[in-house]
Amino acid sequence: MKIPVTREAARKPAAAARRADEAVYGGRRRFLQISGAAALASALGAQAQEAPRAGEIRLLALGDSLTAGYMLPEAQAFPAALEAALRREGFNVRVVNAGVSGDTASGGLARLDWTLGEPFEGAIVELGANDMLRGIDPATTRAALAQILDRLHAKNIKVLLAGMLASGNLDDAYRARFNAIYPELAAQYGALLYPFFLEGVSGRPALTLADGLHPNAAGVETIVRGLLPQASALMREIGAPAAPG
């Protein structure tokens, strides 16, 4: 995710806000995306070299900085926290961090094929926040997410779609179109849905970093607690042994 546009830009039509945003943040965003993609390639390579544990389920966490763990140690990022929570539930699972700061849905799509160079049984897709913050046409976001789901479906990878809600400072028409993306796609592709990835965290300063956008360690734990029932359902869809109790 990235720093939102100024209030003045937010009041402009989406296209004008997008131009202003690109002028101010374009270089920073490109740096984050390039460095993030390089770090992701290194991390995926390292994880691929680890010997798989017997019967282990591999989940791909495909997302932006909310998944990557912006400004957090790796052990406190969402994928690591979710893996720990699922293991406490009795699942033999590894959650692979494929989050890249600054990524849009189209950015996630562009790197999906090489991200899937290793086998995965399931995926959690968390993309779209940056699209919304930049005022990208929801049709573009929806099309990119649909292609991601198509490719995952083609590889028989079960999906949990983690949704996003449009900011209240955007116009009603944009918000309605954007907010409809996730439930519609989940229904179309038969994917599990967690409607709002930042549920319980958004708007709560105690659970976010100083930027007011990204979760801190406590915020990540809040996200994991909320999403855990759906993540457990994903494990069962994959065919993982039922968790005890």
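Rules and cut-offs
- Residues numbered from 1 in each chain as written.
- Predicted model: local features only at pLDDT ≥ 70, side-chain atom pairs only at ≥ 80, totals over all residues.
- Heavy atoms only, no water.
- Phe/Tyr/Trp six-rings, centres within 6.5 Å; stacked < 30°, edge-to-face > 60°.
- Helix = DSSP H or I, 4+ residues; strand = E, 2+ residues; numbered from the N terminus.
- Buried < 20%, exposed > 50% of the residue type's maximum accessible area, 1.4 Å probe, protein only.
- Lys NZ or Arg CZ within 6 Å of the ring centre and 35° of its normal.
- pLDDT = per-residue confidence, 0-100.
- Contact = heavy atoms within 4.5 Å.
- Expected span 1.5 Å × (residues − 1).
- Polar contact = N/O pair within 3.5 Å; in protein donor to acceptor, adjacent residues only side chain to side chain.
- Pairing = 2+ DSSP bridges.
- Axes fitted to C-alpha atoms, helices over the stretch in contact; angles between N-to-C directions.

1. With respect to the packing of aromatic side chains
Move 1: In this structure the tally under the stated criterion is 3 aromatic pairs.
Move 2: Relative to F178, the ring of Y174 has its centre 6.3 Å away and its plane inclined at 10°; by these criteria the two rings are stacked. Of this pair, Y174 and F178 both sit in helix α9 (residues 172-179), 4 residues apart, which is roughly one turn of the helix. We note that Y174, like F178, is buried.
Move 3: On the basis of an interplanar angle of 70° and a centroid distance of 5.9 Å, the ring pair of F178 and Y182 is categorised as edge-to-face. Side by side, F178 and Y182 carry an identical accessibility label, which is buried.
Move 4: One aromatic cluster is present, built from ring pairs that chain together Y174, F178 and Y182.
Move 5: Sitting over the ring of F120, R58 keeps its end group 4.7 Å from the ring centre.

2. A few points about the confidence of the model for the protein chain
Move 1: Confidence in the prediction of the protein chain, expressed as mean pLDDT, is 85, and 76% of residues score 70 or more.
Move 2: This stretch, residues 1-39, has a pLDDT under 50; its non-local contacts, to residues over four places away or in other chains, come to 53 contacts.
Move 3: Note that residues 45-49 has pLDDT below 50 and, in this model, 5 contacts with residues that lie over four places away or in other chains.

3. Considerations on unusual backbone geometry
Move 1: Backbone geometry at M71 places phi at a positive 65°, although glycine is not the residue there.
Move 2: Topologically, M71 is positioned in the loop between α3 (65-68) and α4 (78-88).

4. Looking at helix α8 (residues 138-154)
Move 1: For α8, with 17 residues, the first-to-last C-alpha span of 24 Å sits near the 24 Å given by 1.5 Å per residue.
Move 2: Burial in α8 covers these residues: P138, T141, A144, L145, A146, I148, L149 and L152.
Move 3: Two or three places before A139, at the start of α8, stands the capping residue D137, its side-chain oxygen 2.9 Å from that residue's backbone nitrogen.
Move 4: Once α8 ends, the next one or two residues include N156, with phi positive near 60°.

5. Some words on the sheet that holds strand β2 (residues 93-99)
Move 1: With respect to topology, 5 strands assemble into an open sheet ordered β2-β1-β3-β4-β5, the strand pairing being parallel. Of all the strands in the sheet, the pair left with one neighbour each is β2 and β5 (192-194). Neighbour-to-neighbour, the strand axes of the sheet open up by a mean angle of 20°, direction not taken into account.
Move 2: Bridge count between strand β3 (residues 122-126) and strand β4 (residues 158-162): 4 bridges; the pairing is parallel. Following the sheet pairing, I124 is matched in β4 by L160.
Move 3: Along the sheet face, α4 touches β1 (57-63), β2 and β3 and points at about 165° away from the line of β2.
Move 4: Against the sheet, helix α10 (residues 181-189) contacts β4 and β5, and its axis sits at roughly 165° relative to β4.

6. Thoughts on the side chain of T141
Move 1: On the secondary structure map, T141 appears in helix α8.
Move 2: Ignoring any residue separated from it by four or fewer positions in sequence, one finds T141 in contact with A105, G128, D131, I136, F178 and I181.

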